[in-house]
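Residue-level structural notes
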Amino acid sequence: MTVPKTKLSNGPYIPQVGLGTWQIKDKSECLQTVRTALENGYRHFDTAQIYDNEQYIGEALKTSEINRNDLFITTKIWLLNFLSTRLLSSFEKSLNKLQTDHVDLLLLHFPVPKLRHSAWKKMEEIADSGRANSIGVSNYTIRHLERLLKDCRIRPAVNQVELHVFLQQPELLKYCEVEGIAVEAYSPLAHGYGLTNPVLAKLAKKHSKSTAQIMLRWCVEVGAIPLPKSTTASRIAENIDIFDFTLDESDLIALRGLNANHRTSWDPTPIP
Ligand code: A2P
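Just so you know, these numbers come straight off a predicted model, no measurement behind them.

Remarks on the pairing of strand E8 (residues 158–162)
Along any regular strand, the residues point their side chains to alternate faces of the sheet. Burial analysis of E8 places 5 of its 5 residues in the buried class, the great majority of the element. Sheet topology places strand E7 (residues 132–138) next to E8; 2 bridges connect them, and they run parallel. What sits directly across from Ser138, in E8, is Gln160. When E8 meets strand E9 (residues 182–186), the two strands line up parallel, connected through 5 bridges. Opposite Gln160, over in E9, you have Glu184 as the bridge partner. The handedness of the E8 to E9 crossover, carried by helix H6 (residues 170–179), is right-handed.

Encoded structure:
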């Protein structure tokens, strides 16, 4: 399975689907999951300092036969490490755990009030040093992005947010498109919620796909990069097999009706 890539605003290319690894903490399960994903064609792996699995992902990738240049590795700075005195050293620990000299994408995990501005300066230093090919943010609303774009030297290449057919965020998608910020979708399967929804079931039947594949394909159709998490081999394979069909206009209209502002995770809207 060859996964198409999207060009980020600062130049590098990112595979249009990645493996989400939140809640995969057990060492043998994590090693096995990453190896299964590699066998199925995944080259894009999304982790974070707080996931507590960077070391296992690093080990699985290092011991694979895949060339580092063919991998796309993302990690995220946890909020306790936003302090200027901690950010760089925490990032160096992440690199050690991931057994690499650079990440492809480094994100600030949350729009932490006040601290996120100085943290972004440190992110820019990391980008300057070449140890992160691209830098970006996660869980930022339009308001958080507007503030960042006003005083940044390097613009964020990516905003990773919760996004799925039950939480479509059309305004945020439009804003990011206009500003050249790629959107990554975490929990693109809404954490398993709604997989038996009749609208999804009807489209799944029409396209001879699963409801999960319809949800993931929707992300691609709206220009987002889904990061589905699974530790089940058959689902890992299923979740990358979404590039041999497209959703047509009538499908997209039907899916629009599923938008319910349904969050499975926290809501960053109130964060000043
Ligand atoms: P599992 O890891 O046991 O396969 P999200 O990425 O939206 O957070 O969703 C992750 C959840 O969805 C996990 O519970 C995962 O279970 C489940 N899941 C992942 N892929 C599929 C799939 N193709 N079909 C059904 N459930 C899936």
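A short note on the packing of aromatic side chains
Evaluated as defined, the whole model comprises 3 aromatic pairs. With 4.8 Å between their ring centres and 70° between their planes, Phe110 and Trp266 make a pair best called edge-to-face. One end of the pair, Phe110, is in the loop between strand E6 (103–108) and helix H4 (115–129); the other, Trp266, is in the segment after helix H10 (249–256), and 156 residues separate them in sequence. Phe110 gets classed as buried once you look at its relative accessible area, which sits at 14%. According to the relative accessible area criterion, Trp266 is partly exposed, its value standing at 28%. Members of the aromatic cluster, joined through ring pairs, are Trp78, Phe110 and Trp266. One residue, Arg217, lies across the ring of Phe245, its end atom 6.0 Å from the ring centre.

Considering the packing of helix H2 (residues 54–62) against helix H3 (residues 84–98)
Following both chains from N to C, one finds H2 and H3 inclined at 40°, their axes separated by 7 Å at the closest point. With respect to their mutual orientation, H2 and H3 come out oblique. Across the interface between the two elements, Glu54, Gln55, Ile57 and Gly58 of H2 pack against Ser94, Lys97 and Leu98 of H3. Grouping the constituent residues of the contact of H2 with H3 by class yields 2 nonpolar, 3 polar and 2 charged.

Here is what the cut-offs are and how they apply
Residues numbered from 1 in each chain as written. Predicted model: local features only at pLDDT ≥ 70, side-chain atom pairs only at ≥ 80, totals over all residues. Heavy atoms only, no water. Buried < 20%, exposed > 50% of the residue type's maximum accessible area, 1.4 Å probe, protein only. Helix = DSSP H or I, 4+ residues; strand = E, 2+ residues; numbered from the N terminus. Pairing = 2+ DSSP bridges. Right-handed = clockwise from strand over helix to strand, strands pointing away. Phe/Tyr/Trp six-rings, centres within 6.5 Å; stacked < 30°, edge-to-face > 60°. Lys NZ or Arg CZ within 6 Å of the ring centre and 35° of its normal. Axes fitted to C-alpha atoms, helices over the stretch in contact; angles between N-to-C directions. Parallel < 35°, antiparallel > 145°, perpendicular 65-115°, else oblique. Contact = heavy atoms within 4.5 Å. Nonpolar A, V, L, I, M, F, W, Y, C, P; charged D, E, K, R; others polar.

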